Amino acid sequence: MEDVFLPIMICGILFVGMPWIILHYLTKWKQAPTMTGEDEKLLDELHHLARRLDDRLETIERIVAADNPDFRLEAPRARDERLSQYEPQRRN
């Protein structure tokens, strides 16, 4: 009896169980929400705001360094020309 039950169970797992699990998670993945245009716009605005705040912080550090000779200015942040010319329309 056990000799017949084991192959049937293995076939059931391979041909029914595994595809069921794979297809279940494929449908869950396809139902997942994607970024909308509104989300992308918000992300662009947040990126622009973060860059502005970073520029302000650099300015404050330079002013404090000029007023206080004991203030150690951190290593200057390298500005890549591509990042300073960021255009939201050109993203992928």
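Parameters and conventions
Residues numbered from 1 in each chain as written. Predicted model: local features only at pLDDT ≥ 70, side-chain atom pairs only at ≥ 80, totals over all residues. Heavy atoms only, no water. Helix = DSSP H or I, 4+ residues; strand = E, 2+ residues; numbered from the N terminus. Buried < 20%, exposed > 50% of the residue type's maximum accessible area, 1.4 Å probe, protein only. Areas by Shrake-Rupley, 256 points an atom, 1.4 Å probe, with all protein chains shown as cover. pLDDT = per-residue confidence, 0-100. Polar contact = N/O pair within 3.5 Å; in protein donor to acceptor, adjacent residues only side chain to side chain.

### Here's the deal with the overall build of the chain
Point 1. Helix and strand content of the chain: three helices and zero strands.
Point 2. The linear arrangement of helices and strands in the chain, starting from the amino end, is α-α-α.
Point 3. Relative to its full complement of 92 residues, the chain shows a buried share of 3%.
Point 4. Total accessible area computed for the chain in this model is approximately 9,100 Å², and 63% of it derives from carbon and sulfur atoms.

### Details of the confidence of the model for the chain
Point 1. Mean pLDDT for the chain: 82, with 76% of residues reaching 70 or above.
Point 2. Looking at the elements of the chain, mean pLDDT is at its lowest for helix α3 (residues 81–84), recorded as 50, and at its highest for helix α2 (residues 37–67), recorded as 92.

### Here we look at the environment of N68
Point 1. For N68, the location among the structural elements is in the loop between α2 and α3.
Point 2. Judged by its relative accessible area of 34%, N68 is partly exposed.
Point 3. Among the polar contacts made by the side chain of N68, one reaches the main-chain amide nitrogen of D70 at a distance of 3.1 Å.

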